[in-house]
Every structure is written in structure tokens, then in C-alpha cells.
Amino acid sequence: MGEKVVRIGLFGLGTVGGGIVELLQRKNKEKGDYEFILEKIVVKHLDKERPTSVPSHLLTTNHQEILENPKIDTVIEVIGGINPAKEIILEALRKGKNVVTANKALLARIGSQLFREAIKNDCYLGVRASNVASYRLIESLTFSPFQIEKLVGVFNATCNYILTQMEKKKENFSSVLEKAQEIGYAEQDPSNDIDGYDTAHKLVVLLSLAMGYFLPLESVFIEGIRRISYQDILFARELGYRIKLLAIAKRRDNNLEVRVHPALVPMDKELAQLEGIENGLELRDEVGVEVGMRAPGAGKYPTATAILEDLICIAKGRKLILPQQRRYLNLKKIGEIESEYYLRFNVLDRVGVLAKISGILGSHNISIKSVIQKGKAKKSLSSVPIIMLTHEAKEEATQDALKKIDALPVVKGKSLLIRVEEGIL
Ligand SMILES: NC(=O)c1ccc[n+]([C@@H]2O[C@H](COP(=O)([O-])OP(=O)(O)OC[C@H]3O[C@@H](n4cnc5c(N)ncnc54)[C@H](OP(=O)(O)O)[C@@H]3O)[C@@H](O)[C@H]2O)c1
């Protein structure tokens, strides 16, 4: 078999870009059926010191040295952000170049436009690295003859690290976040991760492959982990659960629920057992076949490996992995879902408080499965937590009940609601 040469223009030489350079060097030494030649690397700062050494003649800040170079047939975009990544990818595709990207934020916003452009220009658009933890299931998503009925995943390494560290170190969210920032497991501006956006980006891309269309990002219900306290982790444990930030999609007939939020997962379930930066995905299709995988959710080599897998597809002349066109689904609003709920109320330690709260829940058709009420308040005006686990109830009714409970003079601060999710495996 003749050797296929892929000539690459790389945009970005940060964490992922550096990993790609290292893995390409390693792969090329194997002398397989294909060779990857790095023709040019675009960076922002030419003089920056870099952990990965590359010949200086490869580096440039001029985008056109890649985009206008007819020898380069494949562009890798790992600069991140929306602009100029969007312009780079569109121009590369319009010039007939294959594109491989790790940019889930961009794909979640304009993925359908990028796929259309790739099809129009007969180019490959590789998106495996946008879902590092679960890309090995992407083919089974796109080629499955059956529709996905349920998809649940832990997709954010930073959040899973923070939640598991809170439990291990018995510390609260803010101090664990600070330490995660010190060791580089959380960004200085952590909002994209801890407020759930990164998880939502990955979910939108996965769903596009699984269900055939890109949901508008704004239609995904997103809630992050900022309000989870060490106390909640302990109470959840006592009830037999661990708290995880989940991406959830459920389809029944033509109705689809898509949401990202922290959830109580039964301790014996696979997703509950993910530790640190580990991520996982579980799927069930409409004939009941269940699959799942766990893998690191980020990092230089896991991400660069996903990019390399797309490059190998290009070298082998594999066709684009296309989202299959499926029927349109009706998106449920969060108020329309049904779930079991973990509720935490901070109340004054007075006689009759529990009865008042239970009364309001009862009047909203919410029945209680278990209650935890601990400790006496040290001072008469300080509050104590009451935890309730409900049976399945309507979200709208539960939110409404919570508003009424929060308005009681004996209730201090905003009560907390965490949904319960059984997972699949
Ligand atoms: N890090 C991960 O574990 C991971 C995992 C999955 C997906 N991703 C995705 O991969 C992408 C890159 O992430 P990263 O962690 O590697 O980022 P990073 O370490 O911040 O690196 C970004 C690189 O892009 C270059 N760059 C930024 N803006 C540019 C511009 N306008 N023109 C040219 N070059 C520009 C930077 O140049 P200088 O070096 O000169 O400043 C840098 O080399 C993002 O989309 C991210 O979401 C990352």
C-alpha cells in the first residue's frame, strides 16, 4: 500500500497544540501507511517560551501562511474561543481543506453551519476532540440504526475533580476551587466549567451526532455546581448518593429533555464512582441496548489522541462522520420534567417548622421519601438544615412549593433543590 501524506497547518501551540506536536513526532517514527507533515504553526505570541520545542521556521502569527498555502490539505484548530476560530475554520473549508477541531464552544454554537460547509466542499470535519471523554462512542452514536432513548454523562473534569475533592478533603466548594486553580485543574475564570456551560457544549455536539440536529445552546437548561456545599455531599452520602454534574438527554416518542445540572446519583451506579478528572458517558437506545465508557475528560494527551484519530481517518480517506438527519423533536421545558428531588432548607429551630414545610409540599402533590434533621441550633436565631428526599414529582410544582416555603419567616436564605438521576449502568 502506498504511503499517504497529510500536510498539516496547526493553529495553536498551547496545551493541546503542544500535545499534538509531540504525538505526531512519535507517530511518524512508526513509519506506518501514512505520514503527517507539520508545515506551519500559527500562534499568537511568537516569542513565548514553550514546553514543546519546534523549529522556529515553523512558527508564524500570520493565518494566511496556512490558509493560502495550497500544499496544506488539513487544518487543525486548537486556539479555542469563537473568533477568529470561526473565520479560520470556515475559510479553510471553503478552500477545500479538511479541518479537525477541539472547539466545543464553537461547535455548540455554529456546528450545523460548519458541517454544511464541510459537506458543500467535500471536506472532512473532525470533532472527536470536542468530546475527549466519549469520542470513542461517537461512531456508535452516528451509525446506530436505532435512536438514542437516554444519554447521561459526566463531561467536565474540573467539576468532577472539585466535587470529589470536597468529599475527600471535607472542604467547602470555594476552598477546593481555589486549590484546583493553584494546580491548574481549574481556570482563573472558572465560570465556563463550574457553571455548566462546557458540559452543555459537549452535550449539544454529542446530541447532534446521536439525534441528528444541533439544538440551540440557549434551549439547554444549565445549572452549575456553585451552590453545592460539603454538607450536601455528606447528606447525599447518608441517603446513599453522590453528587455529580450531569449532562442528561431523554427522549420519549417525540419529546426530548436536555439538561445540565448537579444530580444525586445512587452510590452503586457507574457514574457515581467517577473520581477526580475522570469522565463518563452512558447510552441506552430504543431497543434497550446499553453502553458506556469512562475516560479522562481533558488533558494534553487524551485530547491530542482524539485529534490524531481524526487525522488517521483523513489519511485513510474515510468519509466525514455526519450527523444523521432524524425527525424533529419537541423540546420539553425544565418545568415540564418529573424527578425525585433532594431539598435542603435552612430553618430556625422551632417547633412545627417541619410540619409547615411538609404541608406546603403535600399541597403541591409532593410526597416525601426521607427526612434528615440534625442538631440543635446553638443560638435561638441561627438556622439548622432540614433535608428532604421526595418521591417523583413535577418540577413546576416543586419550584412553586419552594418559593412558598422560602417565604416562610422561619426559613432562612434560598432553599436548595438537587434533582435525582438514576443513571443507566
Ligand atoms: N486543554 C484541554 O485539556 C482541552 C480538552 C479538550 C478540548 N480543548 C479545547 O482545545 C482548544 C485549545 O485549548 P488549549 O487548552 O490548548 O488552549 P491554550 O493552552 O490556551 O492554547 C491556545 C493556543 O492558541 C493560540 N492562540 C490563541 N489565540 C490565537 C489567535 N488569535 N491567533 C493565533 N493563535 C492563537 C495561543 O498562542 P500563544 O501560545 O502564542 O499565546 C496558544 O498557543 C480549546 O478550544 C479547548 O476548549 C482543550
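Basis of the calculations
Residues numbered from 1 in each chain as written. Predicted model: local features only at pLDDT ≥ 70, side-chain atom pairs only at ≥ 80, totals over all residues. Buried ≥ 20, exposed ≤ 12 C-beta atoms within 10 Å, placed from the backbone. Helix = DSSP H or I, 4+ residues; strand = E, 2+ residues; numbered from the N terminus. Arc of directions from axis to C-beta. Axes fitted to C-alpha atoms, helices over the stretch in contact; angles between N-to-C directions. Parallel < 35°, antiparallel > 145°, perpendicular 65-115°, else oblique. Left-handed = near helix turned anticlockwise from the far one by under 90°. Contact = placed C-beta atoms within 7 Å. Nonpolar A, V, L, I, M, F, W, Y, C, P; charged D, E, K, R; others polar. Near = placed C-beta within 6 Å. Pairing = 2+ DSSP bridges. Right-handed = clockwise from strand over helix to strand, strands pointing away.

S.K.: Mind laying out helix 10 (residues 230-239), listing which residues take part and the relevant values?
M.R.: What helix 10 keeps buried is the set D232, I233, F235 and A236. All buried residues of helix 10 lie within an arc of 165° about the axis, which places them on one face of the element. Positive backbone phi, approximately 95°, marks G240, located one or two places after helix 10.

S.K.: Any details on the packing of helix 3 (residues 85-94) against helix 4 (residues 104-120)? Residues and values, ideally.
M.R.: Taken N-terminus to C-terminus, the directions of helix 3 and helix 4 make an angle of 10°; their axes are 10 Å apart at the nearest point. Our classification of the angle between helix 3 and helix 4 gives roughly parallel. Crossing hand, helix 3 versus helix 4: right-handed. From helix 3, A85, K86, I89, L90, L93 and R94 reach across to helix 4, where they touch L106, I110, L114, E117 and A118. Tallied by class, residues from the contact of helix 3 with helix 4 come to eight nonpolar, no polar and three charged.

S.K.: Give me the lowdown on the site of the ligand, citing residues and values where you can.
M.R.: In the vicinity of the ligand lie 24 residues, with G12, G14, V43, G80 and A298 positioned nearest. Looking at the shell around the ligand, the element that brings in the most residues is helix 1 (residues 15-29), giving three residues. For the shell around the ligand, the residue count by class is 12 nonpolar, nine polar and three charged.

S.K.: Quick rundown of helix 3? Include the residues and the values.
M.R.: Because each turn of an α-helix spans 3.6 residues, side chains separated by three or four positions in sequence point in the same direction. Where helix 3 is concerned, the buried positions are I88, I89, A92 and L93. Along the axis of helix 3, the buried residues cluster in a sector spanning 125°; they form a single face. Where helix 3 is buried, its residues touch strand 1 (4-11), helix 2 (64-67), strand 4 (74-77), strand 5 (98-101) and helix 4. Positive phi shows up at G96, right after helix 3, with a value of about 80°.

S.K.: Break down the environment of E178 for me, with residues and values.
M.R.: Its location among the elements puts E178 in helix 7 (residues 173-182). In this structure, the C-alpha to C-alpha distance between E178 and I162, residues 16 residues apart in sequence, is 9.8 Å.

S.K.: With reference to specific residues and values, describe the pairing of strand 5.
M.R.: Residues N98 and V100 point to one face of strand 5 and V99 and T101 to the other, with burial holding for every one of them. Across four bridges, strand 4 lies against strand 5 in parallel orientation. The partner of V75 across the bridge, within strand 5, is V99. As a crossover connection, the stretch from strand 4 through helix 3 into strand 5 is right-handed.

S.K.: Can you explain the environment of K369? Please cite residues and give values.
M.R.: Structurally, the position occupied by K369 is in strand 16 (residues 368-373). On the basis of neighbour counts, which here come to 14 C-beta atoms within 10 Å, the residue K369 falls in the partly exposed class. Among residues more than four places away in sequence, those in contact with K369 are L389, T390 and H391.

S.K.: Give a detailed account of unusual backbone geometry, specifying residues and quantitative values.
M.R.: A cis geometry characterises the amide bond from N83 onward to P84, with omega recorded as 5°. Within the secondary structure, P84 sits in the loop between strand 4 and helix 3. Of note, D122 is a non-glycine position whose phi angle comes to about 55°, a positive value. Residue position: D122 is located in the loop between helix 4 and strand 6 (125-126). Among the residues examined, D122 registers 11 C-beta atoms within 10 Å and is labelled exposed. For N365, which is not glycine, the phi torsion reads 65° and is therefore positive. Here N365 shows up in the loop between helix 12 (353-363) and strand 16. Judged by the 12 C-beta atoms lying within 10 Å of it, N365 falls in the exposed class.

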